[in-house]
Amino acid sequence: MTENAWTRWPSREALGRAGTPRPRRLLAWIVRLLMLALLLWGAFTQRHVGLWGALAAAAGVLLAGLVAWAFSRTTYQHRLVPSLLFIALLLAIAVAAEAGGFTGPALLLWCGCGVAALERLPLGAAVPVTSVALASYSAFNNDVWLTTAATVAGMALAGYVLRLDAEARGSAQRLLAQERAARAAEAESAALAERARIAREIHDVLAHSLSAQLVHLEAARLLIENGAERERILERVVAARGMARDGLAETRQALSALRGELTPLEDFLTELVSTADAAEVTVTGERRPLPAEASQAVRRVAQEALTNVRKHAQGAKVAVRLDYSEHEVTLNVRDSGGRSGELGGAGGGYGLLGMRERAELLGGSLDAGPDKEGFVVTLKVPV
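Just so you know, these numbers come straight off a predicted model, no measurement behind them.

Asker: What is the right way to look at the overall build of the chain in this model?
Answerer: For the chain, the helix and strand inventory stands at 11 helices and 5 strands. The buried share of the chain, reckoned over its 383 residues, is 37%. Of the contacts made within the chain by residues no fewer than 6 positions apart, 70% connect residues no fewer than 24 positions apart. Carbon and sulfur atoms form 62% of the exposed surface of the chain, whose accessible area is close to 22100 Å².

Below is the structure:
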């Protein structure tokens, strides 16, 4: 619901000094000091009062300054009743000054109250206060009516222009604060996304490697407890060591990827299938560098797919096909089927679910399922 313009306060950003250029703040202080000097000069240059009267008038000037400061604070806090009381006290000081023969200071106070009310109060309260202040100025000013009317109109216009300028400055401050908050949120989101990406990389690298090592070491423990031959135990230990070596190499590759030191995707796939029996790589389409996230997704899916082949289809022929099209890259890993290996039950539960999540995070898709002969994994990633 839109707030009524007549009851809406100027924002605190508008009433405060934040965002005000230093030269402008200096000018505002010069104006305040000049007004104070004019009031004091008017108090001490009246011939009809003696020394004590001039001192009393100076005390009144200082009181007016203190009340004006209090009015500024209460309007900044959006407290209407105290603000009206303080500006009423300022108008009363002006009336007392006029009654004491200090016409110049009184006129200056009336003009200042009119401008300040328009600048700092809700319009519903500012218009009556400004009307009273400028009407008092008009009643006691000795200039010709045309000059008085021009002065009154100028004061009212100056107060409203100052109000509009302060609101514009306040809006700029709010927009700046919102922009800073948005940038901070964006940076935090980017940091969280990066941490999630690192976590995925570490999980992908270590999940199948460590689980496979655990299977071999557990088998070695059972063989030792059952008094098996040394060669059988050594075979299991050597297999676990090989898994550890492969996991270390994969970890180095992941760290290189996180640092942006990626080897060409085609070379990676060729090296990956070189460790598998009866595997081949085919690349079609126009080869081009891929974004780091897309390239890493293809690498991890290919790695996971070949690991599953070793687990569940030992001896199968594997065909890896990488196709570059205009808007996406497609990875197809197809095996001819085979017997389940010793590591068929190993794994950290990631598998196809993890591959599918990785693809969906990039706006792609992953299909995996049995084919006529074996198993097919198809990854599509937009680039």
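Asker: Would you take a moment to explain the confidence of the model for the chain for this structure?
Answerer: Predicted coordinates in areas of low pLDDT are best not read in detail. Scored by pLDDT, the chain comes out at a mean of 79, with 81% of its residues at no less than 70. Element-level pLDDT for the chain is lowest in helix α2 (residues 22-44), with a mean of 65, against a maximum mean of 91 in strand β2 (residues 318-324). Scored below 50 in pLDDT, residues 343-350 makes 18 contacts in the model with residues more than four places away or belonging to other chains.

Asker: Looking at this structure, I do not really get the packing of helix α4 (residues 80-99) against helix α5 (residues 103-120). What am I missing?
Answerer: Between two packed helices, what matters for the description is the angle formed by their axes and the separation of those axes. Between α4 and α5, the shortest axis-to-axis distance is 7 Å and the interhelical angle comes to 160 degrees. The orientation of α4 with respect to α5, classified from their angle, is roughly antiparallel. Read as a crossing pair, α4 and α5 show a hand that is left-handed. Two secondary-structure elements touch here, α4 through Ile-87, Leu-90, Leu-91, Ile-93, Ala-94, Val-95, Ala-97 and Glu-98 and α5 through Thr-103, Ala-106, Leu-109, Trp-110, Cys-113 and Ala-117. In terms of residue class, the contact of α4 with α5 is made up of 12 nonpolar, 1 polar and 1 charged.

Asker: So what exactly am I meant to see when it comes to unusual backbone geometry here?
Answerer: For residues besides glycine, phi is generally negative; the peptide bonds are generally trans as well. Even without glycine at this site, His-78 takes up a positive phi of about 60 degrees. With respect to the secondary-structure elements, His-78 resides in the loop between α3 (51-76) and α4.

Asker: Got a minute to help me understand the environment of Glu-167 in this structure?
Answerer: Within the fold, Glu-167 resides in helix α7 (residues 145-225). Glu-167 sits 155 residues away from Arg-12 along the chain, and the two C-alpha atoms are 9.3 Å apart. Excluding residues that lie within four positions of it along the chain, Glu-167 makes contacts with Trp-9, Pro-10, Ser-11 and Ala-14.

Asker: Explain the packing of α4 against helix α6 (residues 123-140) here, please?
Answerer: One way to put it is that α4 packs onto α6 with a least axis distance of 12 Å and a crossing angle of 5 degrees. Here α6 runs roughly parallel to α4, going by the angle between their axes. Only Ala-125, Val-129, Val-132, Ala-133 and Phe-140 of α6 make contact with α4, whose side of the interface consists of Leu-80, Leu-84, Ile-87, Leu-91 and Glu-98. For the contact of α4 with α6, the per-class residue count stands at 9 nonpolar, no polar and 1 charged.

Asker: It is not clear to me how the packing of aromatic side chains should be interpreted in this structure. Could you clarify?
Answerer: Two measures describe an aromatic ring pair: the distance that separates the ring centres and the angle between the ring planes. Counted under the stated rule, the structure contains 1 aromatic pair. Where Trp-110 meets Phe-140, the ring centres are 5.4 Å apart and the plane angle is 15 degrees; that geometry is what we call stacked. Placement of the pair is Trp-110 in helix α5 and Phe-140 in helix α6, with a sequence separation of 30 residues. By relative accessible area, which is 2% here, Trp-110 ends up buried. The cationic tip of Arg-299 hangs over the ring face of Phe-268; the distance from NZ or CZ to the ring centre is 5.1 Å.

Analysis parameters
Residues numbered from 1 in each chain as written. Predicted model: local features only at pLDDT ≥ 70, side-chain atom pairs only at ≥ 80, totals over all residues. Heavy atoms only, no water. Helix = DSSP H or I, 4+ residues; strand = E, 2+ residues; numbered from the N terminus. Buried < 20%, exposed > 50% of the residue type's maximum accessible area, 1.4 Å probe, protein only. Contact = heavy atoms within 4.5 Å. Areas by Shrake-Rupley, 256 points an atom, 1.4 Å probe, with all protein chains shown as cover. pLDDT = per-residue confidence, 0-100. Axes fitted to C-alpha atoms, helices over the stretch in contact; angles between N-to-C directions. Parallel < 35°, antiparallel > 145°, perpendicular 65-115°, else oblique. Left-handed = near helix turned anticlockwise from the far one by under 90°. Nonpolar A, V, L, I, M, F, W, Y, C, P; charged D, E, K, R; others polar. Phe/Tyr/Trp six-rings, centres within 6.5 Å; stacked < 30°, edge-to-face > 60°. Lys NZ or Arg CZ within 6 Å of the ring centre and 35° of its normal.

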